[in-house]
Amino acid sequence: MIKEPNKEQKPLNELKKMSHKFDYNFKVGRLNFNTPLNIYLKEFCKEEFESMILHKNLFIQELKKECSVFILKEKLIISNLIKSDTFSNDNKKDPTIHRFEIKRILDVDIDPTANDSSEVKITILYGTSIEEVRYFTFKFVNQKEAQIFKYFIEKEKMSSWQQFFENSQNAPIPEPFIYQYHFFLKKVNSRGEQEQRVIVLSNEFILNIDYQIVKKSENEFIFKLHKAKWALSIKSFEELQLVEKEKKKNNFVIKIKVNQKDNKTYVNNNKLPFKNKSSTEFIFQNEKICRFFIFQIKRLYASFGLGDKKFINVIEK
């Protein structure tokens, strides 16, 4: 007896044709639908999803509410919570609260009060002077999340400033020298007056640069640099003095003593601006930044391998 074919079976070519109606054009590594997050990045941040480095929902103490925080390339954005219904019913209101360039972050610190290691406090430049700042305290779920956030902020901040100082047309760090760090501070001149400066550390020199901060809007700042007034060779440093008496005024002063002859040789050989002086004083914003400057100088000085002078003297007076 011949068995009749199953009526539900179809030829292979017909099955292939039927399957095409279930095809979707997926792209690996991209969002394939308009989630609220993707809508926000594209329409309000003017960024692609790939530019997002970190996104967290967290409580911000100064705003007294839970917000969405984004680290993008060269930007930090704070918005109202981006949720599943943020843009429902064709609601396209911009939820952004603050938008900052990463370069405007002056400091980022975990647990500044030693009370909660899951809190990160950031200091944002909010005016045309380094004294005009605003603070935000981000409350994370745990210390690990806080450390990850701090790491990415510092990484992007370092990259952004390095590009700025090495590519700046006004005050570049000349080749082959490499940006290490910079400090906004006050310099004490020969008349005892305090002048705003940015001190830029390369791997061999520090550059004393006059600058201006121009505020075009709440979200747009321009850093203008003048040419370096003078350079100091770190190899010529003889001593760092942390001036104790100024601590009572909440000023943290570092006095740098240099070998004038060696400094002149190193600076002139590299065609950098030279000023004949045996010492100079810098006033830092706080003790933490002051001691970080000392750490950077000790690290760079030790890298030269200067025999008996491998380690620089640091004296607290």
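Note that the structure is predicted; figures quoted are calculated from it, not measured.

### Focus: the pattern of salt bridges
Tallied over the full model, the rule gives 13 salt bridges. Two residues, Asp109 and Lys288, come together in a salt bridge whose shortest N-O distance is 3.8 Å. Here the residue Asp109 occupies a position in strand β5 (residues 105–110), and Lys288 occupies one in helix α5 (residues 287–303), the gap between them amounting to 179 residues. Judged by its relative accessible area of 40%, Lys288 falls in the partly exposed class. Salt-bridge contacts for Lys235 lead to Glu204; the nearest nitrogen and oxygen are separated by 4.0 Å. With Lys235 in the loop between β13 (230–233) and β14 (237–243) and Glu204 in the loop between β9 (194–202) and β10 (205–209), the pair connects residues that are 31 residues apart, well separated along the chain. For Lys235, a relative accessible area of 26% translates into the label partly exposed. Salt bridges sharing common partners tie together Lys187, Glu195, Arg197 and Asp210.

### Brief notes about α5
The end-to-end C-alpha distance of α5 is 24 Å, a good match for the 24 Å that 17 residues give at a rise of 1.5 Å each. Among the residues making up α5, those that are buried are Ile289, Cys290, Phe293, Ile294, Gln296, Ile297, Leu300 and Tyr301. Relative to the axis of α5, the buried residues are bounded by an arc of 160 degrees and lie together on one face. Gly305, located one to two residues past α5, shows a positive phi value of around 60 degrees.

### Digging into the sheet that holds β14
A sheet is described by the order of its strands in space; here 8 strands give the open sequence β13-β10-β9-β8-β16-β15-β14-β17, paired in mixed fashion. In the strand order of this sheet, the two ends are held by β13 and β17 (313–316), each with one partner. For this sheet, the mean inter-axis angle between neighbouring strands, taken without regard to orientation, is 30 degrees. Two elements, strand β8 (residues 179–188) and strand β16 (residues 279–284), share 3 bridges in a ladder whose sense is antiparallel. Along β16, the bridge assignment pairs Lys186 with Ile283. Against the sheet, helix α3 (residues 143–167) contacts β8 and β9, and its axis sits at roughly 75 degrees relative to β8. This element, helix α4 (residues 260–269), spans β10, β13 and β15 (252–258) of the sheet and lies at about 115 degrees to β13.

### Topic: the nonpolar core
Within the largest apolar cluster, 26 residues are counted, with the highest numbers of intra-cluster contacts made by Ile206, Phe237, Ile254, Ile256, Phe284 and Ile297. Listing elements by their share of this core, those giving two or more residues are β8, β9, β13, β14, β15, β16 and α5. If you tally residues by element for this core, the top one is α5, at 7 residues. What Phe237 contacts, discounting residues up to four positions off in sequence, is Ile206, Leu232, Ile256, Lys257, Val258, Ile297, Tyr301 and Ile312. Counting 25 residues, the second largest nonpolar core, distinct from the first, contains Tyr179, Phe184, Val198 and Ile213.

About the cut-offs
As a convention, each chain's residues are numbered from 1 in the sequence order in which they are written. Confidence filtering applies because this is a predicted model: local features only for residues at pLDDT of at least 70, side-chain atom pairs given and counted only at 80 or more, and all residues used for totals across whole chains, interfaces and linings. Computation of side-chain values covers all heavy atoms of the structure but excludes hydrogens and water. We count a salt bridge whenever a side-chain nitrogen from Lys or Arg sits within 4 Å of a carboxyl oxygen from Asp or Glu. Runs of E in the DSSP output that reach at least two residues are strands. Runs of H or I that reach at least four are helices, and both are numbered from the N terminus. Burial here depends on accessible area, computed with a 1.4 Å probe over protein chains only, as a share of the maximum for the residue type. Under 20% is buried, over 50% is exposed, and the range in between is partly exposed. Working rule for helices: expected span equals 1.5 Å times residues minus one. Directions from the helix axis toward the C-beta atoms define the arc. Here the rule is simple: two strands pair whenever DSSP picks up at least two bridges between them. Axes here refer to lines fitted to C-alpha atoms; in helices the fit is confined to the stretch in contact. Angles between the N-to-C directions go from 0 to 180 degrees. For this analysis, residues touch if any pair of their heavy atoms sits within 4.5 Å. Throughout this description, the term nonpolar core refers to a set of buried Ala, Val, Leu, Ile, Met, Phe, Trp, Tyr and Cys residues connected via side-chain atoms within 4.5 Å.

Any link to function would need more than the numbers given here.
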